[in-house]
Amino acid sequence: QVQLVESGGGLVQAGGSLRLSCAASGRTFSPYGMGWFRQAPGKEREFVAAISRIGTTYYADSVKGRFTISRDNAKTTVYLQMNSLKPEDTAVYYCAADRTMPAQTMGVNSGNVDYWGKGILVTVSS
């Protein structure tokens, strides 16, 4: 059974930075697409960023230029570097990974993603 475990969340002031990590554990797992989603209080889950196995990246317009997604295939770990954080970035952030789904389609096909982390809270104070 594959498990995704997020770390690195917390409280930060507006303009600050945080780095989220998500490590996959369990049986041998080489995901195709890996990504991050978030859900703010009272809102639906939304796509944040995704990355392919070869490093092609995709971002939501709301985070372009501020967030950077990366991955370490040897460690089956995906990262999200978040800079210039805004109060509207406050949300529970979820890691996602899929065995066969391309990263470029994760944003519109999230309901079919294989594996999800439990989520980690990021709070940005004004």
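None of these values were measured; they are calculated from a predicted model.

(A) Seen up close, the pairing of strand β11 (residues 120–125). By the alternation rule, side chains of β11 split into Ile-120, Val-122 and Val-124, which are all buried, and Leu-121, Thr-123 and Ser-125, of which none is buried. One ladder, built from 4 bridges, connects strand β2 (residues 10–13) with β11; its direction is parallel. When the sheet's bridge partners are listed, Leu-11 is paired in β11 with Thr-123. In terms of strand pairing, strand β9 (residues 91–98) meets β11 through 3 bridges, oriented antiparallel. Note on β11: the bridge partner recorded for Ala-91 is Val-122.

(B) Expanded view of the side chain of Glu-6. Turning to its location among the elements, Glu-6 is positioned in strand β1 (residues 3–7). Buried charge Glu-6 goes without a salt bridge, the closest partner of opposite sign being Lys-118 at 8.7 Å. From its side chain, Glu-6 meets the backbone nitrogen of Lys-118 in a polar contact 3.3 Å long. A distance of 3.0 Å separates the side chain of Glu-6 from the backbone nitrogen of Gly-119, its partner in a polar contact. What Glu-6 contacts, discounting residues up to four positions off in sequence, is Ser-21, Cys-22, Trp-36, Tyr-93, Tyr-94, Cys-95, Gly-117, Lys-118, Gly-119 and Ile-120.

(C) Quick look at the nonpolar core. In this structure, Trp-36, Leu-80, Met-82 and Tyr-93 are the most contacted members of the largest nonpolar core, which totals 38 residues. Taken together, the elements giving at least two residues each to this core come down to β3 (18–25), β4 (33–39), β5 (46–51), β7 (67–72), β8 (77–82), β9 and β11. Every residue in contact with Met-82, bar those within four places of it in the chain, is listed here: Gly-16, Ser-17, Leu-18, Leu-20, Arg-66, Phe-67, Tyr-93 and Val-122.

(D) Focus on the pairing of β8. Most of β8 sits out of view: 5 of its 6 residues are buried. Relative to β8, β3 runs antiparallel, the two being bridged by 6 bridges. Counted as the bridge partner of Ser-21 is Tyr-79 from β8. Following β7, the chain reverses through 4 residues before pairing antiparallel with β8; Thr-76 in that reversal takes a positive phi of roughly 45°.

The rules behind each value
- Residues numbered from 1 in each chain as written.
- Predicted model: local features only at pLDDT ≥ 70, side-chain atom pairs only at ≥ 80, totals over all residues.
- Heavy atoms only, no water.
- Buried < 20%, exposed > 50% of the residue type's maximum accessible area, 1.4 Å probe, protein only.
- Helix = DSSP H or I, 4+ residues; strand = E, 2+ residues; numbered from the N terminus.
- Pairing = 2+ DSSP bridges.
- Lys, Arg positive; Asp, Glu negative; His and termini not counted.
- Salt bridge = Lys/Arg side-chain N within 4 Å of Asp/Glu carboxyl O.
- Polar contact = N/O pair within 3.5 Å; in protein donor to acceptor, adjacent residues only side chain to side chain.
- Contact = heavy atoms within 4.5 Å.
- Core = buried A, V, L, I, M, F, W, Y, C linked by side-chain atoms within 4.5 Å.

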